[in-house]
Amino acid sequence: MYSSNALIDPSGSRAHADQFHPINLQPPVLFEGWEEIGAPLGKTHADTGRTYKLLTDSRGLEPPVPITGAVTVMDQPGCPQMSPPDELSCLHAQIRLDCDKLEKSLSFLQQQMEEVFRSQNAEEANMLKLKKMAESLGHNIAAEFTSLHQFLNDEEQQMKGRLREDVEKISHQLRENLQRITEKRASIECTIVEIQERLNVQETAFLADVKSLIERSYVKFKKPAEVPLNLLLGEFAGPLQFIIWRRMFNVISPVPAVLTLEPSTAHPELLISDDLRSVRLSDTWQELPDNPERFDDCVSVLSAQGFDSGRHYWQVEVGNKTMWDVGLAKESVNRKGNIILSPEDGFWTIWLRNGNEYEALSTPSAFLSLRTKPKTIGVFLDYEKGQVSFYNADDMSVIYTFTDCFSERLFPYFSPGEGDGGKNTEPLKLCGLRL
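Residues numbered from 1 in each chain as written. Predicted model: local features only at pLDDT ≥ 70, side-chain atom pairs only at ≥ 80, totals over all residues. Heavy atoms only, no water.

### Thoughts on the sheet that holds strand β18 (residues 428–430)
Filter applied, for reference: The pairing criterion for strands is at least two bridges between them, as found by DSSP. Numbering of helices and strands starts at the N terminus; helices are DSSP runs of H or I of at least 4 residues and strands are runs of E of at least 2. As a rule, the C-alpha atoms of each element are fitted with a line to give its axis, helices using only the stretch in contact, and angles between N-to-C directions run from 0 to 180 degrees.
Ordered in space as β6-β7-β18-β9-β14-β15-β16, the 7 strands form an open sheet in which the pairing is antiparallel. The open sheet has two free edges, formed respectively by β6 (270–272) and β16 (397–403), since each of these has just one partner strand. Across the sheet, the axes of successive neighbouring strands diverge by a mean angle of 20°, strand direction being ignored. In terms of strand pairing, strand β7 (residues 278–281) meets β18 through 2 bridges, oriented antiparallel. Its bridge partner being in β18, valine 279 is matched across the sheet by leucine 428.

Below, the structure written as structure tokens:
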């Protein structure tokens, strides 16, 4: 792992930022004037008839080109035919302008190099995190299967194989990201070296292809797309025995929880069934006590059962509804006025809007693309591991997984949604154990 202030010299070795050789940003030495002399020693100007020679620079060095011979007028924009002193002044200004541009290019590239290192460090950290996660998930899979009968051994091996395939797939994506980062880093290093070399050359060679060099230096580094690691949690750290039970009808853990709704938390426009296992939106406002536990603005209700430890799973039938919210809420959440469904506000939820728009209300929220429209939503909680996973309970495919740290009692949360012009009248139903 490398810190973000590490730099790379042209030989490929790594060095700390304060050990990196400073870049010479001084322009090439210019000869600062002309002196009128006798004709045999100098150059006679065609217009004035006077003879000049270049003065030595401040270091006492002679000009880099012979005095004799024609003085070439630089074919630069804004530099028309002019006398040698004016021509040299124009050249000086042009080189200074390009030096300023190169200094800005170099500063930009150095910032990009820092971003490259930060991105590389993040990807390398993800590789280590993936390795640890894979090991943990492998142990979890083995632990789940130890409670099953021997004939389930084939299922265990198949699931481990899928884990290896998924880990290899993610590893391949991370390796590709690191390869792209390495190639971009090498490109930036080469451009930096080229700029350093250009800043130390004679003025006549300095301007060659400077524009192209400057343009190449501003190709911005694009950070690779983030590889989601939490997908493995939903697939391999969920209620694995329950998934196998759907095929084998054998021992399962956790056993699906038998939940009931808590009427004292229900919004006044919600109607709860007599068995406390379904809820729908009413057309009328009920006169109910405005107790602290009740939602008074959002049409929501909590379960009567809460959890402060252990692993739990339950299912909610959503049917053909066009709008609903399902998830978990902390006991201390705000229940008065408008509420925000987010982990920061004590909610871990997903919802449906407009009949086909699924969203995980994370930070930031995540739009969900589902292969099929679920009729039943499964929710899994591992309190100690801080995991909340959602499933399409029709086929036990993973919808989304939250990870967090819990410190208080959590309650299943439900909202049947608004009426949606009469299209969303079906109730939400808490499902019992179906064999």
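Having seen the model, we can carry on.
### Regarding the packing of aromatic side chains
Quick note on the threshold: Stacked, edge-to-face and tilted are the three classes for Phe, Tyr and Trp ring pairs, Trp counted by its six-membered ring, which pair at centre distances within 6.5 Å; planes under 30 degrees apart are stacked, over 60 edge-to-face, the rest tilted. In our convention, an over-ring charge means Lys NZ or Arg CZ found within 6 Å of a ring centre and within 35 degrees of that ring's normal.
Tallying each qualifying case throughout the model produces 9 aromatic pairs. Pairing tryptophan 348 with phenylalanine 406 gives two aromatic rings, centres 5.1 Å apart and planes at 85°, and the pair type is edge-to-face. One end of the pair, tryptophan 348, is in strand β11 (residues 347–353); the other, phenylalanine 406, is in the loop between β16 and β17 (410–415), with 58 residues separating them in the sequence. Of the aromatic side chains, those joined through ring pairs into one cluster are Phe295, Phe347 and Tyr413. The positively charged end of arginine 353 is found above the aromatic ring belonging to tryptophan 351, 3.8 Å away from the centroid.

### What to know about the environment of asparagine 334
We apply this condition: Two N or O atoms count as a polar contact when they lie within 3.5 Å, although within protein this holds only if one can serve as hydrogen donor and the other as acceptor, and sequence-adjacent residues are included solely when both atoms are side-chain atoms.
You can see asparagine 334 is positioned in the loop between β10 (324–330) and β11. The spacing of asparagine 334 and glycine 346 is 12 residues in sequence and 8.7 Å in space, taken between C-alpha atoms. One polar contact links the side chain of asparagine 334 to the main-chain carbonyl oxygen of lysine 336, over a distance of 3.0 Å.

### Quick notes on unusual backbone geometry
The cut-off we apply is this: Exposure classes here rest on a 1.4 Å probe applied to the protein chains alone. A residue is buried below 20% of its type maximum, exposed above 50%, and partly exposed in between.
Going from threonine 363 to proline 364, the amide bond is cis rather than trans, its omega being -5°. Residue position: proline 364 is located in the loop between β12 (357–360) and β13 (366–368). Here the phi dihedral of methionine 396 falls at roughly 60°; this positive angle occurs in a residue that is not glycine. Methionine 396 sits in the buried class, given a relative accessible area of 9%.

### Digging into the sheet that holds β10
Read across the sheet, 6 strands follow the order β8-β17-β10-β11-β12-β13 without closing on themselves; strand pairing throughout is antiparallel. At either margin of the open sheet sits one strand with a lone partner, and together these are β8 (301–302) and β13. Pairing between β11 and β12: 4 bridges, direction antiparallel. Note on β12: the bridge partner recorded for tryptophan 351 is glutamate 359.

### Side note on the side chain of threonine 191
Turning to its location among the elements, threonine 191 is positioned in helix α2 (residues 153–198). The exposure class of threonine 191 is buried, given its relative accessible area of 7%. One polar contact links the side chain of threonine 191 to the main-chain carbonyl oxygen of serine 187, over a distance of 2.9 Å.

### Side note on the pairing of β16
Put simply, side chains in a regular strand alternate between the two faces of the sheet. In terms of strand pairing, strand β15 (residues 387–392) meets β16 through 6 bridges, oriented antiparallel. Across the sheet, the residue bridging to tyrosine 391 is valine 398, located in β16. Taking the residues that link successive antiparallel strands as the turn, the β15-β16 hairpin has 4 residues, and the phi of methionine 396 there is positive, at about 60°.

### Details of the pattern of salt bridges
Note the following rule: Every case where a carboxyl oxygen of Asp or Glu lies within 4 Å of a side-chain nitrogen of Lys or Arg is listed as a salt bridge.
Across all of its chains, the model carries 9 salt bridges by this definition. The closest approach of N and O atoms between arginine 96 and aspartate 100, which form a salt bridge, is 3.7 Å. Of this pair, arginine 96 and aspartate 100 both sit in helix α1 (residues 84–146), 4 residues apart, which is roughly one turn of that helix. The partly exposed category is assigned to arginine 96, whose relative accessible area is 30%.

### Re the pairing of strand β9 (residues 311–317)
Here 7 bridges tie β9 to strand β14 (residues 376–382), and the two strands are oriented antiparallel to one another. Across the sheet, residue arginine 311 finds its bridge partner in β14, namely aspartate 382. Across 2 bridges, β9 lies against β18 in antiparallel orientation. By the bridge assignment for β18, valine 316 is matched with leucine 430.

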